[in-house]
There are 2 protein chains.
Amino acid sequence: MPRTAPDPQPLPMPGDEAIDFGPLAGSLGFLLRLSQLQSFANFFHEMDGFNVRPGEISVLMLMAQNPGVRQGVLARALHIKRAHMTKMIRAMETAGIVTRTVPEDDRRSVELWLTDKGRKRLMAMQQPFLSHETRNTTGLTDAEEAQLKALLRKYIGLDSQGPKES
Amino acid sequence: MPRTAPDPQPLPMPGDEAIDFGPLAGSLGFLLRLSQLQSFANFFHEMDGFNVRPGEISVLMLMAQNPGVRQGVLARALHIKRAHMTKMIRAMETAGIVTRTVPEDDRRSVELWLTDKGRKRLMAMQQPFLSHETRNTTGLTDAEEAQLKALLRKYIGLDSQGPKES
DNA sequence: TATTGTTATACTCTATAACTATA
DNA sequence: TATAGTTATAGAGTATAACAATA
């Protein structure tokens, strides 16, 4: 059976029984965990039919943005273990959406390139992916969502990517 | 070997090679994923020696806050599958930190209660857990962290717990 | 019929170590 | 010696379905 996407899941409990989260509601880790579950549920709902997982689309996007990126650099950037990255890339190679080359200056490493097929697949997915990202399935306003992203970027030290107003 | 906690991992890449995250840096799902990894790394660093996982401490805290909570309610609140919750609770029962009772009004269900041992374990863990949550290992100010939590609570619809100013 | 908890199975992701080939 | 990628293995976490007891 081809993976049925779960319903968008409003996440507030069914009328059943209430529960008191207590100090847990103030735990950043707990909030991040539930938020990621919410976000992934939205992802699978929006990307249903593409048979894609969050990990794959992030790899595709980084390969598109950084042609010839080395496999280990990609793994570190996404916090995917090298052993796992090997399997992911191998599967993509088999699927014909990525090619691997060995550079002259360091013949231990592997450079990754999207094929035309890979680029097409990414182009087809990126639109619903980005729309899923911006469409407010929850109660956040656009400003709140932007602020949330900015805070998360700062939390993980990713502000070097942020827009600058020099 | 007793599980060595990883170093706090500053998360900004080692001086190695830079990578352009492109539109991925604007993806809420991606930011949430990296943020959770960061948060969990902090968790394991801070809780090293307690041999506790994020899932267990959240279960302990909710059982303490909601004595006699039914197992299924707990599972739904934490988005843990019932099958998985069964295994977790069984392990805790074996460890002597939780007892299970069958209520009269619905003999299908199971009510959960922390034992004294469970309460002690939670008390011992809660202090470093909450300090890990508030200690700013990253660049967020206290105000920013509070705002981040508020936005996440709104994102997942958990504001019913929030303070109200009637 | 539906629900609660249980059991069993499988799959994904992760963690670790050992191995090679290069450096 | 150290590093990049690979291979193999084991373990968590998760998803699913089938089942018994109860509603």
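Residues numbered from 1 in each chain as written. Chains lettered and ligands numbered in written order. Predicted model: local features only at pLDDT ≥ 70, side-chain atom pairs only at ≥ 80, totals over all residues. Heavy atoms only, no water.

Asker: What am I meant to see in the packing of aromatic side chains here?
Answerer: Geometry of an aromatic ring pair is reported as the spacing of the ring centres plus the angle between the planes. Counted by the stated rule, this structure contains 6 aromatic pairs over all chains. With a centroid separation of 5.9 Å and an interplanar angle of 75°, the aromatic rings of A:Phe43 and A:Phe129 are classed as edge-to-face. With A:Phe43 in helix 1 (residues 28–46) and A:Phe129 in helix 5 (residues 116–134), this pair connects stretches of sequence that are 86 residues apart. Between B:Phe21 and B:Phe30, the aromatic rings sit 5.7 Å apart at their centres with planes inclined by 40°, giving tilted as the arrangement. Residues B:Phe21 and B:Phe30 agree in their burial class; the two are buried. Feature note: the residues A:Phe43, A:Phe44 and A:Phe129 constitute an aromatic cluster, connected by ring pairs. (Phe/Tyr/Trp six-rings, centres within 6.5 Å; stacked < 30°, edge-to-face > 60°. Helix = DSSP H or I, 4+ residues; strand = E, 2+ residues; numbered from the N terminus. Buried < 20%, exposed > 50% of the residue type's maximum accessible area, 1.4 Å probe, protein only.)

Asker: Hey, could you run me through the packing of helix 6 (residues 142–155) of chain A against helix 1 (residues 28–46) of chain B in this one?
Answerer: When two helices pack together, their arrangement is given by the angle between the helix axes and the distance between those axes. Viewed as axis vectors pointing N to C, helix 6 of chain A and helix 1 of chain B meet at an angle of 40°, and their least axial separation amounts to 9 Å. Regarding the angle of helix 6 of chain A to helix 1 of chain B, the classification is oblique. In the crossing of helix 6 of chain A with helix 1 of chain B, the sense of the turn from one axis to the other is left-handed. Residue-level inspection shows A:Leu148, A:Lys149, A:Leu152, A:Arg153 and A:Tyr155 of helix 6 of chain A in contact with helix 1 of chain B, the latter providing B:Leu28, B:Leu31, B:Leu32, B:Ser35, B:Gln38, B:Ser39 and B:Asn42. Broken down by class, the residue content of the contact of helix 6 of chain A with helix 1 of chain B amounts to 6 nonpolar, 4 polar and 2 charged. (Axes fitted to C-alpha atoms, helices over the stretch in contact; angles between N-to-C directions. Parallel < 35°, antiparallel > 145°, perpendicular 65-115°, else oblique. Left-handed = near helix turned anticlockwise from the far one by under 90°. Contact = heavy atoms within 4.5 Å. Nonpolar A, V, L, I, M, F, W, Y, C, P; charged D, E, K, R; others polar.)

Asker: Would you mind going over the environment of B:Pro67 with me for this structure?
Answerer: Residues and elements named next belong to chain B. Its location among the elements puts Pro 67 in the loop between helix 2 (54–65) and strand 1 (69–70). A C-alpha to C-alpha distance of 6.9 Å links Pro 67 and Leu 112, two positions 45 residues apart in sequence. Once residues lying within four places of it in the same chain are set aside, the contact partners of Pro 67 are Leu 112 and Trp 113.

Asker: Any chance you could explain the protein's contact with DNA strand C here in plain terms?
Answerer: Within the structure, DNA strand C sits among 19 residues, and B:Gln71, B:Gly72, B:Arg82, B:Arg100 and B:Arg108 are positioned closest to it. Taken together, the sugar and phosphate atoms account for 61% of what DNA strand C places within 4 Å of the protein. Interatomic distance of 2.9 Å between a side-chain N/O atom of B:Arg108 and a base oxygen of DNA strand C. Between DNA strand C and the protein, one listed contact pairs a phosphate oxygen with a backbone N or O atom of B:Val110 at 3.1 Å. Those elements giving two or more residues to the surface near DNA strand C turn out to be helix 4 (82–94) of chain A together with helix 3 (71–78) and helix 4 (82–94) of chain B. When residues of the surface near DNA strand C are assigned to their parent elements, the largest contribution, 4 residues, is made by helix 4 of chain B. Each residue belonging to the surface near DNA strand C can be placed in one class, and the counts come to 3 nonpolar, 5 polar and 11 charged. (Near = heavy atom within 4 Å. Polar contact = N/O pair within 3.5 Å; in protein donor to acceptor, adjacent residues only side chain to side chain.)

Asker: Help me understand helix 2 (residues 54–65) of chain A, please; the structure alone is not making it clear to me.
Answerer: In an α-helix, one full turn covers 3.6 residues, which means residues spaced three or four apart are oriented alike. For helix 2 of chain A, built from 12 residues, the straight-helix expectation of 16 Å at 1.5 Å per residue is met to within 8% by its first-to-last C-alpha distance of 17 Å. Among the residues of helix 2 of chain A, A:Pro54, A:Glu56, A:Ile57, A:Ser58, A:Val59, A:Leu60, A:Met61, A:Leu62 and A:Met63 are the ones counted as buried. (Expected span 1.5 Å × (residues − 1).)

Asker: It is not clear to me how the relation of the copies chain A and chain B should be interpreted in this structure. Could you clarify?
Answerer: After a rotation of 180° and a shift along the axis of 0.0 Å, chain A superposes on chain B with an RMSD of 0.0 Å. In short, the pair behaves as if placed about a two-fold rotation axis. Comparing interface residues between copies, 100% of those in chain A also lie at the interface in chain B; the contact surface is shared. (Least-squares fit on C-alpha atoms with pLDDT ≥ 70 in both.)

Asker: What's the story with the protein's contact with DNA strand D in this structure? I'm lost.
Answerer: Not every one of the 19 residues close to DNA strand D is listed here, only the nearest: A:Gln71, A:Gly72, A:Thr86, A:Arg100 and A:Arg108. Sugar plus phosphate: this is where 65% of the atoms of DNA strand D within 4 Å of the protein reside. One nitrogen or oxygen atom from the side chain of A:Gln71 is found 2.6 Å from a phosphate oxygen belonging to DNA strand D. Between DNA strand D and B:Lys81 there is a distance of 3.1 Å, counted from a phosphate oxygen to a side-chain nitrogen or oxygen. Looking at which element gives the most residues to the surface near DNA strand D, the answer is helix 4 of chain A, with 4 residues. Its residues assigned to classes, the surface near DNA strand D shows 3 nonpolar, 5 polar and 11 charged.

Asker: Help me out: how do you make sense of helix 4 of chain B in this one?
Answerer: All names here are of chain B. For helix 4, spanning 13 residues, the distance from its first C-alpha to its last is 18 Å, which sits close to the expected 18 Å at 1.5 Å a residue. Those residues of helix 4 that are buried are in contact with helix 2, helix 3, strand 2 (98–101) and strand 3 (111–114). At the exit of helix 4 stands Gly 96, carrying a positive phi of roughly 80°.

Asker: Which parts of the structure should I look at to understand the interface of chain A and chain B?
Answerer: Accessible area lost upon the coming together of the parts serves often as the stated size of an interface. Across the contact, 61 residues belong to chain A and 62 residues belong to chain B. Summed over both sides, the interface between chain A and chain B buries roughly 6,400 Å², with carbon and sulfur atoms accounting for 67% of that surface. If you sort the residues of chain A by the area they bury against chain B, A:His79, A:Tyr155 and A:Ile156 come out on top, with a joint share of 11%. Counting across the chain A and chain B interface gives 2 salt bridges. Its salt-bridge partner being A:Lys154, residue B:Glu144 comes within 2.9 Å of it at the nearest N-O pair. At the junction of chain A and chain B, the tally comes to 13 residue pairs in polar contact (both at pLDDT 80 or more). Broken down by secondary-structure element, the contributors of at least two residues to the side of chain A that touches chain B are helix 1, helix 2, strand 1 (69–70), helix 3 (71–78), helix 5 and helix 6 of chain A. (Buried area = accessible area lost by both parts, 1.4 Å probe. Salt bridge = Lys/Arg side-chain N within 4 Å of Asp/Glu carboxyl O.)

In short, shape yes, function no, at least from these values alone.
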